[in-house]
Each structure stands twice: as C-alpha cells, then as structure tokens.
Amino acid sequence: MSTPPAKRATTVYLYELAWILPSIAIPVGMLAALAVTAFGAGIHLPSVEGRVPATQVAQHPPFDAPGVKQTGPGQYEVVMTSQIWAFAPSEIRLPAGSTVTFVTTSKDVVHGLLIPRAHVNVMLLPGQISRVTARFEKPGEYAMFCHEYCGIAHHTMWGKIIVEPRS
Ligand code: CUA
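Cut-offs used in this document
Residues numbered from 1 in each chain as written. Predicted model: local features only at pLDDT ≥ 70, side-chain atom pairs only at ≥ 80, totals over all residues. Heavy atoms only, no water. Pairing = 2+ DSSP bridges. Helix = DSSP H or I, 4+ residues; strand = E, 2+ residues; numbered from the N terminus. Patch = residues over 30% accessible without salt bridge, like charges linked within 9 Å, V, L, I, M, F, W, Y side chains within 5 Å. Areas by Shrake-Rupley, 256 points an atom, 1.4 Å probe, with all protein chains shown as cover. Salt bridge = Lys/Arg side-chain N within 4 Å of Asp/Glu carboxyl O. Buried < 20%, exposed > 50% of the residue type's maximum accessible area, 1.4 Å probe, protein only. Domains from an automatic or database assignment. Contact = heavy atoms within 4.5 Å.

Here we take up the pairing of strand β2 (residues 67–72). As paired elements, β2 and strand β3 (residues 75–83) share 5 bridges and run antiparallel to each other. Looking at the pairing, glycine 67 lines up with valine 79 of β3. Counted along the chain from β2 to the antiparallel partner β3, the turn is 2 residues long, and its residue glycine 74 has a positive phi close to 70°.

And the structure:
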C-alpha cells in the first residue's frame with residue numbers, strides 16, 4: 001500500500017510546474033515585446049534634440065518664431081514654447097490627416113505637454129528641445145495640457161488643437 005504518496009507527489013509537481021512555467025514565459029514574452037517594439041518598430045521615448053540657452057529661449061531659432069509651418073504634403077512642424085502658464089501658440093489649426101512634429105521647450109520652469117487624443121506625452125525642460133511626432137487623423141478638438149506641476153496656476157495651462165475636416 002505505497003501508491004497514494006507517489007500520486008500526491010506527482011500532483012504537487014504539476015502544480016509547481018503550472019506556476020513555474022508562466023513565471024518564466026511572462027518575463028521572456030515581455031522582453032521579446034520590448035525588443036520588437038524598440039528595435040523592430042522603432043518606438044522609443046522622445047529623445048534630447050539639442051539645447052538652447054535656457055534664459056534666452058525666445059532669442060534662439062527656431063523659438064524666436066513659434067508657430068505652425070507646413071513642411072510637405074500633409075506634414076507640419078509646430079514650434080512651440082511653454083512658460084508660466086501658457087503654451088505659445090495655445091491654439092493650433094490643422095487639416096485632418098496631418099502628421100505633425102512638435103519642436104518645443106520651456107522658457108522658465110519644467111512644464112509638460114500632454115495631448116491625450118494624439119498620444120503625445122513629453123516633458124519640457126528649460127532650454128532642452130523636445131521633438132515628438134503625432135498624427136491627427138480625425139477632425140475635432142484635441143486638448144493639450146501641461147502635466148508637470150509648474151506653480152500656482154498650473155491647472156490653467158492648457159491649449160487646443162483644432163483639426164478641421166479636409167475640404
Ligand atoms: Cu506648466 Cu504645469
């Protein structure tokens with residue numbers, strides 16, 4: 001009568017295996033997803049694109065002339081500065097289907113640029129240039145917010161992008 005202990009041992013072994021295998025497969029799967037998106041699809045954090053003197057942002061190109069510029073068919077560049085407590089420009093108009101590269105920095109303290117509907121999320125550090133590209137497919141209003149606490153009126157620091165239907 002020695003079979004029952006052997007059967008219990010097998011069950012315990014299978015339970016352990018049921019936990020061990022996913023605990024290996026999940027991190028391996030996550031690493032694989034990271035490698036494919038980073039090196040295959042080229043998805044990465046917005047990178048440092050250079051600097052301008054933090055105290056003289058407004059005097060340095062391209063920030064001496066903020067605004068929207070068409071760079072090709074359906075392609076736009078938005079040069080934008082941030083300061084307490086506003087973006088400049090704070091209202092941007094674009095046709096639907098535009099691909100837009102934002103070139104931005106801060107004139108004073110740390111700000112952020114969050115455009116939830118366009119999946120834009122960057123920090124704006126004084127004098128450090130941030131460059132991020134997004135597509136605006138659907139007509140409508142896209143709100144943009146400062147999402148780094150920047151002082152007493154932080155909550156009033158927002159703007160909008162109006163995407164107009166193609167005529
Ligand atoms: Cu700018 Cu918060």
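Text resumes after the structure shown.
A cluster of nonpolar side chains, contributed by Ile20, Ile24 and Val28, occupies part of the molecular surface with about 260 Å² of accessible area. Classification of valine 28 by relative accessible area gives exposed; the value is 52%.

Take the domain arrangement of the protein next. Taken domain by domain, the protein holds domain 1 (1–43) and domain 2 (57–164). The straight-line distance from the C-alpha centre of domain 1 to that of domain 2 is 45 Å.

Along the chain, leucine 94 turns up in strand β5 (residues 91–95). Residue leucine 94 is classed as buried on the basis of its relative accessible area of 0%. Linking leucine 94 and tryptophan 158, residues 64 residues apart in sequence, is a C-alpha distance of 18 Å. Those residues in contact with leucine 94 that sit more than four places away from it in its chain are Val68, Tyr76, Val100, Phe136, Ile161, Ile162, Val163 and Glu164.

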